[in-house]
Amino acid sequence: MSPSQTASPRHSTKVVTALRRFAISISVLNIFGYTVLGFEQPWTWPFIALAVAYTLEIALEAIGARAEGRAPRFQGNGLKGLMEFLLPAHITALAVNMLSYVNDVIWVMLFGVIVAVGTKWVLRAPVKGRMRHVMNPSNFGIAVILLLFPWASIAPPYQFTEYLDGGFDWLVPAIIITLGTMLNAKLTERMWLILAWVGGFALQAVVRGLVFGTSIPAALAMMTGVAFVLFTNYMITDPGTTPSSKWGQIAFGGGVAAMYGVLTAMSVAYGLFFATALVCAIRGAFLWTADIVAKRRAEEALALAAVEQTVEKTVDRDDATGRTTDQNTEPAPACDCPADACACPPADPAQTRKVPVTA
């Protein structure tokens, strides 16, 4: 393909609409977070994170387009096309900054942003004939920060309602649940995933209580926090890294809940992020395995079809020339009689007769 050709659309219209609303929602949340709610990070950090994410996204797309011989997806359709192209980077940058807490070491937060954006070009798997990223970008960036920098942590959950009282602290999660449910029901179509995740989370809390003696009310109380609500409606439902089918969504959501229960039982902190990353990795391995098996089966089918076609051509040619290619036909037995002593018997035993021999 010539690089001058227009690149295929990166996302469908429905996905672009969902990304746009995701971006608007997280932008509004950050504005209120720094002006009203009580976000802990410096107010300049979101702008720095956005600048780094935008630059890296454009640079990687330019490199990828050159390697694949196509036009960069941020070209064409003017400013609107560029803005739509940068929507995933916008969401990722704000999410990593908002949900991670690295004290005053900004380069660690930016490292998380770089990992989150870059993983879309590194950790990929074939999905319906196309290479797609399989790791949830913002979740993976935060998980890497927590893994490599033990002193770092996630943002304290109280920052979302620190300056709210008089019942208004319930208003924030209520708004997030309402808007998130509308978004996921109409656009991302990930309600089965949400139901499986929430139901699985409640189930693992009960199981941990019965098996390990964990306080069941305390384990279930986590579901009432803003962090859990945000994670449920705006992170685990990422349409780019989750299955689209009903049972695929149920398996993914239930798998993350089960993995969280196992990690928490093992006293692993920040289980939400690590559980999601592990399940995404497992899904990626499954996609690669399924693709390899499908290709091998296709190759075997082509080889078998070629052999059958060759046999059919051979049979047709032999039929035309009046010859047979039956390899199972046994040759007639040789005559063991001495020379001039007797005649070989006929093939039909009924026709057997004695032949006199001249003395």
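Here is what the cut-offs are and how they apply
- Residues numbered from 1 in each chain as written.
- Predicted model: local features only at pLDDT ≥ 70, side-chain atom pairs only at ≥ 80, totals over all residues.
- Heavy atoms only, no water.
- Helix = DSSP H or I, 4+ residues; strand = E, 2+ residues; numbered from the N terminus.
- Buried < 20%, exposed > 50% of the residue type's maximum accessible area, 1.4 Å probe, protein only.
- Contact = heavy atoms within 4.5 Å.
- Areas by Shrake-Rupley, 256 points an atom, 1.4 Å probe, with all protein chains shown as cover.
- Polar contact = N/O pair within 3.5 Å; in protein donor to acceptor, adjacent residues only side chain to side chain.
- Axes fitted to C-alpha atoms, helices over the stretch in contact; angles between N-to-C directions.
- Parallel < 35°, antiparallel > 145°, perpendicular 65-115°, else oblique.
- Left-handed = near helix turned anticlockwise from the far one by under 90°.
- Nonpolar A, V, L, I, M, F, W, Y, C, P; charged D, E, K, R; others polar.
- pLDDT = per-residue confidence, 0-100.
- Phe/Tyr/Trp six-rings, centres within 6.5 Å; stacked < 30°, edge-to-face > 60°.
- Lys NZ or Arg CZ within 6 Å of the ring centre and 35° of its normal.
- Salt bridge = Lys/Arg side-chain N within 4 Å of Asp/Glu carboxyl O.
- Core = buried A, V, L, I, M, F, W, Y, C linked by side-chain atoms within 4.5 Å.
- Pairing = 2+ DSSP bridges.

Draft legend 1. Quick look at the overall build of the chain. Counting its regular elements, the chain contains 12 helices and four strands. In the chain, buried positions account for 40% of the 359 residues. Sequence-distant contacts in the chain: of pairs separated by 6 or more residues, those separated by 24 or more amount to 74%. Entry remark: accessible area of the chain is about 20600 Å², with carbon and sulfur atoms responsible for 66%.

Draft legend 2. Structural context of the side chain of N184. Among the structural elements, N184 can be located in helix α7 (residues 171-188). On the accessibility criterion, N184 (0% relative accessible area) is buried. Within polar-contact distance, the side chain of N184 engages the backbone oxygen of N233 at 3.0 Å. Separated by 3.2 Å, the side chains of N184 and T237 make a polar contact. Look past the residues within four positions of N184 in its chain and what remains in contact with it is F22, E189, R190, M191, I194, N233 and T237.

Draft legend 3. Region of interest: the environment of G118. Inspection of the secondary structure assignment puts G118 in helix α5 (residues 106-122). We classify G118 as buried; its relative accessible area is 17%. Sequence-wise, G118 and L60 are 58 residues apart; in three dimensions their C-alpha atoms are separated by 7.8 Å. Look past the residues within four positions of G118 in its chain and what remains in contact with it is L56 and L60.

Draft legend 4. Examining the packing of helix α2 (residues 45-68) against α5 more closely. Close contact between α2 and α5 brings their axes to 10 Å; oriented N to C, the two are set at 30 degrees. One way to sum up the angle between α2 and α5 is to call them roughly parallel. Pair α2 / α5 crosses with right-handed handedness. Seen from α2, the contacting residues are W45, I48, A49, V52, A53, L56, E57, L60, E61, G64 and E68; seen from α5, they are I106, M109, L110, V113, I114, V117, G118, K120 and W121. Split into classes, the residues belonging to the contact of α2 with α5 amount to 14 nonpolar, two polar and four charged.

Draft legend 5. Spotlight on helix α10 (residues 226-234). Within α10, seven of the nine residues are buried, which leaves the element mostly enclosed by the surrounding structure. All of the buried residues along α10 are V226, F228, V229, L230, F231, T232 and N233.

Draft legend 6. Spotlight on the confidence of the model for the chain. Per-residue pLDDT for the chain has a mean of 85; in total, 85% of the residues score no lower than 70. Ranking the helices and strands of the chain by mean pLDDT puts helix α6 (residues 137-148) first, with 96, and α7 last, with 85. Counting interchain partners and residues more than four positions distant, the pLDDT-below-50 stretch residues 324-329 has two contacts.

Draft legend 7. Focus on the packing of aromatic side chains. Enumeration according to the criterion identifies 14 aromatic pairs in this entry. Relative to W151, the ring of F149 has its centre 6.0 Å away and its plane inclined at 65 degrees; by these criteria the two rings are edge-to-face. With a relative accessible area of 43%, W151 lands in the partly exposed category. Linked through ring pairs, W197, F201, F228, F231, Y260 and F273 together constitute an aromatic cluster. Of note, K246 hangs over the ring of W192, and the distance from its end group to the ring centre comes to 4.5 Å.

Draft legend 8. Main features of the pattern of salt bridges. Going through the model one piece at a time under the given rule, you end up with six salt bridges. Close ionic contact of R70 with E61 constitutes a salt bridge, the shortest N to O distance being 2.6 Å. Assessed through its relative accessible area of 8%, R70 is described here as buried. Through salt bridges with shared partners, one network takes in E61, E68, R70 and R73.

Draft legend 9. Region of the structure containing the nonpolar core. Counting 61 residues, the largest nonpolar core has M98, V113 and W197 as the members making the most contacts within it. With eight residues, the top contributor of residues to this core is helix α12 (residues 271-321). In contact with W197, not counting residues within four places along its chain, are F228, F231, T232, I236, G253, G254, V256, A257 and L272. Of all hydrophobic cores here, the second largest spans eight residues; its members include A18, F22, L87 and I91.

Draft legend 10. Region of interest: the pairing of strand β3 (residues 130-133). Of the pairings in the sheet, the one linking strand β2 (residues 124-127) to β3 comprises four bridges and is antiparallel in character. Looking across to β3, one finds that P126 is bridged to M131. In sequence, β2 turns back onto β3 through a hairpin of two residues, with K128 there showing a positive phi of about 55 degrees.

Draft legend 11. Spatial organisation of unusual backbone geometry. For E189, which is not a glycine, the phi torsion comes out positive at approximately 55 degrees. Mapped onto the elements, E189 comes out in the loop between α7 and α8 (191-212). Phi at Y270 is positive, roughly 55 degrees, even though this residue is not glycine. Its place among the elements puts Y270 in the loop between α11 (246-265) and α12.

Draft legend 12. Main features of the packing of helix α4 (residues 87-99) against α5. Running from N to C, α4 and α5 cross one another at 145 degrees; their axes reach a closest spacing of 9 Å. In the crossing of α4 with α5, the sense of the turn from one axis to the other is right-handed. Taken together, the residues of α5 that come into contact with α4 (itself represented by P88, T92, A93, V96 and N97) are M109, G112, V113, A116, V117 and K120.

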